Protein chains: 2
Amino acid sequence: MSALQTIALDVMGGDHGPAVTIPAALNFLRTSPETRLILVGQQEVLQPYFKTGLPTQVRIQHASQTVGMDELPSKALRNKKDSSMRIALELVKRGEANACVSAGNTGALMATARFVLKTLPNVDRPAIMTAVPSVRGQTYMLDLGANIDCTAEQLFQFAVMGNEFVRAVTSIDAPRVGLLNIGEEEIKGNEHVKRAHELISASHLNYIGYVEGDAIYIGNTDVVVCDGFVGNVALKTSEGVAKLLAHLLKQQFRRNVFTKLAGIIALPVIRRFRREVDPRRYNGASLLGLRGIVIKSHGGADVLAFENALHSAKKEIHANIPDRIAHQVAAHFITHEQRAAV
Amino acid sequence: MSALQTIALDVMGGDHGPAVTIPAALNFLRTSPETRLILVGQQEVLQPYFKTGLPTQVRIQHASQTVGMDELPSKALRNKKDSSMRIALELVKRGEANACVSAGNTGALMATARFVLKTLPNVDRPAIMTAVPSVRGQTYMLDLGANIDCTAEQLFQFAVMGNEFVRAVTSIDAPRVGLLNIGEEEIKGNEHVKRAHELISASHLNYIGYVEGDAIYIGNTDVVVCDGFVGNVALKTSEGVAKLLAHLLKQQFRRNVFTKLAGIIALPVIRRFRREVDPRRYNGASLLGLRGIVIKSHGGADVLAFENALHSAKKEIHANIPDRIAHQVAAHFITHEQRAAV
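Small disclaimer: the values here were computed from a predicted structure and weren't measured.

A short note on the environment of A:Gln65
Residues and elements named next belong to chain A.
- Looking at where Gln65 falls in the secondary structure, it is placed in the loop between strand S3 (58–62) and helix H3 (73–79).
- Sequence separation between Gln65 and Pro48 is 17 residues; the distance between their C-alpha atoms is 18 Å.
- When near neighbours in sequence (up to four residues on either side) are disregarded, Gln65 contacts Asn79, Lys80, Lys81, Asp82, Ser83 and Ser84.
- Of the polar contacts made by the side chain of Gln65, one reaches the backbone nitrogen of Lys81; its length is 3.2 Å.

Structure, rendered in structure tokens:
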């Protein structure tokens, strides 16, 4: 059992490195004492954090290099063979860890993970998925930036992977799957999206058809499938809207002494509201379709956010995500092949 | 001067038709008594609204057909030659009106407008543009759904058109123009976006380079250029986020008697906030790149929202948008050709 609960941490990744990742790891252990952590990074940098000794569940794995946040993926792959990111992924590859968590640069993490772990059989490309809050709970969305241009087959694979993930980590047995599109008739969708629509329609997924951007947050769908360009824009746009609204609301409460007073009275309510929509609660995107669990934390994550990424890793280990996805993709692929043969 | 201020209204368009468009038109005239309106629609439907006679600035133009909100653009174009939408556009074509406003279906409006009015020289495809609120004021965004796949040249034309529009209707002399992209290095952007980046970089526009989705609302750019698929998803996603946040905030204020009390006290502030971000204030998207002014109102617009679409038309007439865009596109096209010849 204990071997099933080891997480390899790229301690050096992210904007803040060990200053965030180590306190987050220690906080995480407080609520998950059964999990083991391998902290991967430069020994001399990590040592000072553990002057009084390492907790029993923790071991340090030295890695002499770090991948910069702006480093090109291809360069990281070629020149950083002893990076904390790479070593953390290799621990998963060798079965010494069951998941890798990194706040390092997304492109490098994706490229290195594909190289070290490889994709699952019949998966063309991994996808990045995250949950976002919705009116009715949560919506899972993929891809969020790993793949710019997607074929219909890839979008179909994303649907299968997202569907199985949601089945594994929630109580929803037949998640509603939607394909992101725009509302205009006739000019609707590009060719890839139209073909993906046909593929998903013909599958056994609980496919609800095309959905528009607002569906992500309205909650009439559990999984939203799109290519990485569109998904990334949608996610970043959402961040922008939330920031704007927070800014304008604050501005209104600051207008004069009466609004300030109203603000003080409403503060507990607004604080609770902010906690509920706190993006840190949703930190920890999954790289799906790999032969291993890889969680990408936001680069700017603070301690609380990074801790949530560790919890995501733990949840995926328990749910045995890669195996479940492998089975589902295989099942769909066979059906698909068989159908083609008929 | 009066000939410069005639707006042709597709009275039948939108989810509510004359029940919204006529009261909006009458409200509009109260603040814009110098503008003339041609109400285009079925005489027998419109007559009952004017039992006591028509205002002097208003005349009715009969059109026997209406375009349905779900009608395919190609069918509307072929079968609805006497639709209120088509006739309103033809009034602009013949110079009897200076702008057309319709809440009818976007695809049909775009197709009919292109057919009736034609695009400006050197403009491949018209684009839909709207303003959205930002932390620092407003951001203008195009395309929002008229074009699914855009070439680099089209994106470049959108940049030129958006730039000139903002120069014409605001006091900004050199609008900051950004090209929507995603943040990942190396896999950044698709080929069209990369080539558009080169084209805009080489122009005299105040180009600030790639921007991510959050930039739309942060306000570090005045014009955001993207293809219609991405733009439409971004806009709809924004609506979804705003609805979710409004829902959750309301929920928090309804939790118990104390939060309800806090809600009552904060109500004036929240009302003011809601007014400020009211999407109706931003109703009235521009179809840019045509030989005439066409404003698309949201299909679900209410009276206030539709009235704003009429004000947008008036503003574009005053600013002489099509002529200004024609000049700019021609100038850029020549420079571009000349550059190519060197």
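What to know about unusual backbone geometry
Residues and elements named next belong to chain A.
- Residue Asp143 is reached from Leu142 by a cis peptide bond, and omega for that bond is 0°.
- The residue Asp143 is located in the loop between strand S6 (137–142) and helix H6 (152–169) in this model.
- Positioned with a positive phi, Lys118 is a non-glycine residue whose angle comes to about 70°.
- With respect to the secondary-structure elements, Lys118 resides in the loop between helix H5 (106–117) and strand S5 (127–134).
- The exposure class assigned to Lys118 is partly exposed, which follows from its relative accessible area of 40%.

Structural notes on the side chain of B:Asp227
Residue and element names in this part refer to chain B.
- Examined against the element boundaries, Asp227 turns out to sit in the loop between strand S9 (223–225) and helix H9 (228–253).
- Despite its burial, Asp227 pairs with no opposite charge; the closest candidate is Arg125, at 11 Å N-O.
- Within polar-contact distance, the side chain of Asp227 engages the backbone nitrogen of Val230 at 2.9 Å.
- Beyond its immediate stretch of four places on either side in the chain, Asp227 contacts Asp143, Asn147, Ile148, Cys150 and Leu155.

Structural notes on the relation of the copies chain B and chain A
- Each copy superposes on the other: chain B lies on chain A with an RMSD of 0.0 Å after a rotation of 180° and an axial shift of 0.0 Å. Put plainly, the chains are arranged around a two-fold axis.
- In this assembly the copies share their binding face: 100% of the residues contributing to the interface of chain B also contribute to that of chain A.

Description of the pairing of S6(A)
Residues and elements named next belong to chain A.
- By the bridge criterion, six bridges tie S5 to S6 in an arrangement that is antiparallel. Across the sheet, residue Thr130 finds its bridge partner in S6, namely Met141.
- Direction of pairing for S6 relative to strand S9 (residues 223–225): parallel, over a ladder of three bridges. Of the residues in S9, the one forming a bridge with Tyr140 is Val223.

Section: a positive patch on the surface
- A contiguous patch of positive charge, built from A:Lys250, A:Arg254, A:Lys260, A:Arg271, A:Arg272, A:Arg274, A:Arg275 and B:Arg255, is present on the exposed surface.
- Of all the elements, helix H10 (residues 257–277) of chain A adds the most residues to the positive patch, at five residues.
- A relative accessible area of 55% means that A:Arg275 is categorised as exposed.

Some thoughts on the sheet that holds strand S2 (residues 36–41) of chain B
Residues and elements named next belong to chain B.
- Within the open sheet, the 11 strands sit side by side as S3-S2-S1-S4-S11-S10-S5-S6-S9-S7-S8. Their pairing is mixed. At either end of the open sheet lies a strand with only one pairing partner, and these are strand S3 (58–62) and strand S8 (206–211). Across the sheet, the axes of successive neighbouring strands diverge by a mean angle of 25°, strand direction being ignored.
- Bridge count for strand S7 (residues 176–180) against S9 is three bridges, and the pairing is parallel. Among the inter-strand pairings, Gly178 is bridged to a residue of S9, identified as Val224.
- The sheet contacts of helix H5 (residues 106–117) involve strand S4 (99–102), strand S5 (127–134), strand S10 (285–288) and strand S11 (293–296), and relative to S11 the element is tilted by about 175°.

Parameters at a glance
Residues numbered from 1 in each chain as written. Chains lettered and ligands numbered in written order. Predicted model: local features only at pLDDT ≥ 70, side-chain atom pairs only at ≥ 80, totals over all residues. Heavy atoms only, no water. Helix = DSSP H or I, 4+ residues; strand = E, 2+ residues; numbered from the N terminus. Contact = heavy atoms within 4.5 Å. Polar contact = N/O pair within 3.5 Å; in protein donor to acceptor, adjacent residues only side chain to side chain. Buried < 20%, exposed > 50% of the residue type's maximum accessible area, 1.4 Å probe, protein only. Lys, Arg positive; Asp, Glu negative; His and termini not counted. Salt bridge = Lys/Arg side-chain N within 4 Å of Asp/Glu carboxyl O. Least-squares fit on C-alpha atoms with pLDDT ≥ 70 in both. Pairing = 2+ DSSP bridges. Patch = residues over 30% accessible without salt bridge, like charges linked within 9 Å, V, L, I, M, F, W, Y side chains within 5 Å. Areas by Shrake-Rupley, 256 points an atom, 1.4 Å probe, with all protein chains shown as cover. Charge placed at Lys NZ, Arg CZ, Asp CG, Glu CD. Axes fitted to C-alpha atoms, helices over the stretch in contact; angles between N-to-C directions.

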